[in-house]
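Here is how the chains run, residue by residue.
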Amino acid sequence: MDACREGGEQIESALRTLDRAYFGVLHRDCLRALRDADAARDLVQETFIKVWQRCATFRGESELLPWIRSICRRAILDRLRQPQREVPWELEAGMTSEALTRVAELSAEQVPAAEDSLKQRQLTECFLRCWEKFMEASPEHALVISWIAEDGLTHEQIAALLGRTPGATREFISQCRKRARVYLAEWYALAFLEG
């Protein structure tokens, strides 16, 4: 961060160090939201450019990774808010499947244990299918739900990322949950009504 603030020849080395340390975490966040490996890689690079541009504002009162992730999340939101996304939505293999499976597992913890693996597999497949539809139809709402479910972000942290007041954030999170219920209705029925 000192090299970024002072400028000079050390900037390139400092940015390479940041890239080696944080690329994986940021790429996973971007891939989860954008569903495109190339777009995710580009957005991580844009994030590092913004880190360099804003490094003078980093006071060092908190850890570096959360500050960089907040810049990345704002970039993700900006990308999702663009009227036309640059690439068509598609489910990527690897991290995206793992992340969705983990969300399904976290959700399934509230469901009574299935007596056979077939029932559990059906629940997981149903959840993934519903979640994919949700991400395709309302990516910004789905992203906020994943911030809550996967990252454990608080309303205050989400308000800061969205640039909204606490009251407006509570209302938006309520809208996100209502939309999630619509898209996850099939999974809820299978998990709770037939269970």
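Residues numbered from 1 in each chain as written. Predicted model: local features only at pLDDT ≥ 70, side-chain atom pairs only at ≥ 80, totals over all residues. Heavy atoms only, no water.

Asks: Is there a simple way to think about the overall build of the protein in this case?
Replies: When helices and strands are tallied, the protein shows ten helices and zero strands. Across the 195 residues of the protein, 41% fall into the buried class. Pairs at least 24 residues apart make up 68% of the contacts formed inside the protein by residues separated by at least 6 positions. In the structure as shown, the protein presents an accessible area of about 11,100 Å², 49% of it carried by carbon and sulfur atoms. (Helix = DSSP H or I, 4+ residues; strand = E, 2+ residues; numbered from the N terminus. Buried < 20%, exposed > 50% of the residue type's maximum accessible area, 1.4 Å probe, protein only. Contact = heavy atoms within 4.5 Å. Areas by Shrake-Rupley, 256 points an atom, 1.4 Å probe, with all protein chains shown as cover.)

Asks: Just checking my understanding: could you explain the packing of aromatic side chains for this structure?
Replies: All told, the structure shown has four aromatic pairs when counted by the stated rule. Judged by centre distance (6.0 Å) and plane angle (15 degrees), the ring pair of Phe127 and Trp131 falls under stacked. Separated by four residues within a single helix, Phe127 and Trp131 lie in helix H6 (residues 117-137), roughly one turn from each other. This pair shows no difference in class: Phe127 is buried, exactly as Trp131 is. (Phe/Tyr/Trp six-rings, centres within 6.5 Å; stacked < 30°, edge-to-face > 60°.)

Asks: Would you mind showing me how to read helix H8 (residues 155-162) here?
Replies: Buried within H8 are the following residues: Ile158, Ala159, Leu161 and Leu162. Viewed end-on, H8 has its buried residues packed into an arc of 165 degrees, placing them on one side of the element. At its buried positions, H8 is contacted by helix H4 (64-81), helix H7 (139-149) and helix H9 (166-183). Looking one or two residues beyond H8, the residue adopting positive phi is Gly163, at roughly 70 degrees. (Arc of directions from axis to C-beta.)

Asks: Would you mind going over the layout of surface pockets with me for this structure?
Replies: Over the atoms a probe the size of a water molecule is rolled, and this reveals where empty space is left. Here the second largest pocket is characterised by a volume of approximately 180 Å³. Lining the second largest pocket, in full, are Pro66, Arg69, Ser70, Arg73, Arg74, Leu153, Gln157, Ala160 and Leu161. At the level of elements, H4 and H8 are the ones that each hand at least two residues to the lining of the second largest pocket. Ranked by the residues each element gives to the lining of the second largest pocket, the list is headed by H4, at five residues. (1 Å grid on protein atoms, 1.4 Å probe; cavity = no way out; pocket = protein on both sides within 12 Å on 5 of 7 lines; lining within 4 Å. Points joined across faces, edges and corners; volume = space filled by probe spheres on them.)

Asks: Where do I start with the pattern of salt bridges in this structure?
Replies: Close approach of charged atoms lets side chains of opposite charge pair. What the rule picks out here adds up to six salt bridges. Arg41 is the salt-bridge partner of Asp38, the closest N and O atoms lying 2.7 Å from each other. In this pair, Asp38 and Arg41 are both assigned in helix H3 (residues 37-54), three residues apart and thus about one turn of the helix distant. (Salt bridge = Lys/Arg side-chain N within 4 Å of Asp/Glu carboxyl O.)

Asks: Which parts of the structure should I look at to understand the nonpolar core?
Replies: As a rule of thumb, soluble globular proteins bury nonpolar side chains together. Within the largest apolar cluster, 48 residues are counted, with the highest numbers of intra-cluster contacts made by Ile68, Ile76, Trp131, Val144 and Trp147. Those elements giving two or more residues to this core turn out to be helix H2 (10-34), H3, H4, H6, H7, H8, H9 and helix H10 (185-193). Per element, the largest residue contribution to this core is nine residues, and it comes from H4. The residues contacting Val144, other than those within four sequence positions of it, are Ile158, Leu162, Phe172, Ile173 and Cys176. (Core = buried A, V, L, I, M, F, W, Y, C linked by side-chain atoms within 4.5 Å.)

Asks: How should unusual backbone geometry be read in this particular structure?
Replies: Backbone phi values are negative for most residues with the exception of glycine, while trans is the configuration of most peptide bonds. A positive phi angle, close to 65 degrees, is found at Arg35, a residue other than glycine. Its location among the elements puts Arg35 in the loop between H2 and H3.

Asks: Teacher, can you tell me more about the packing of H4 against H7 here?
Replies: The packing of two helices is summarised by the inter-axis angle and the distance between the axes. With their axes 10 Å apart at the nearest point, H4 and H7 run at an angle of 155 degrees to one another. For the element pair H4 / H7, the angle class is roughly antiparallel. Between H4 and H7, the residues in contact are Arg73, Ile76, Leu77, Leu80 and Arg81 and Pro139, Glu140, Leu143 and Trp147, respectively. Among the residues forming the contact of H4 with H7, the class breakdown is six nonpolar, no polar and three charged. (Axes fitted to C-alpha atoms, helices over the stretch in contact; angles between N-to-C directions. Parallel < 35°, antiparallel > 145°, perpendicular 65-115°, else oblique. Nonpolar A, V, L, I, M, F, W, Y, C, P; charged D, E, K, R; others polar.)

Asks: What am I meant to see in the packing of H4 against H8 here?
Replies: It is the contact of H4 with H8, at a shortest axis distance of 9 Å, that shows an interaxial angle of 60 degrees. When the axes of H4 and H8 are compared, the pair comes out oblique. Two packed elements cross with a definite hand, and for H4 against H8 that hand is right-handed. On the side of H4, the interface is formed by Ser70, Arg73, Arg74, Leu77 and Arg81, while H8 contributes Ala160, Leu161 and Leu162. For the contact of H4 with H8, the residue count by class is four nonpolar, one polar and three charged. (Left-handed = near helix turned anticlockwise from the far one by under 90°.)

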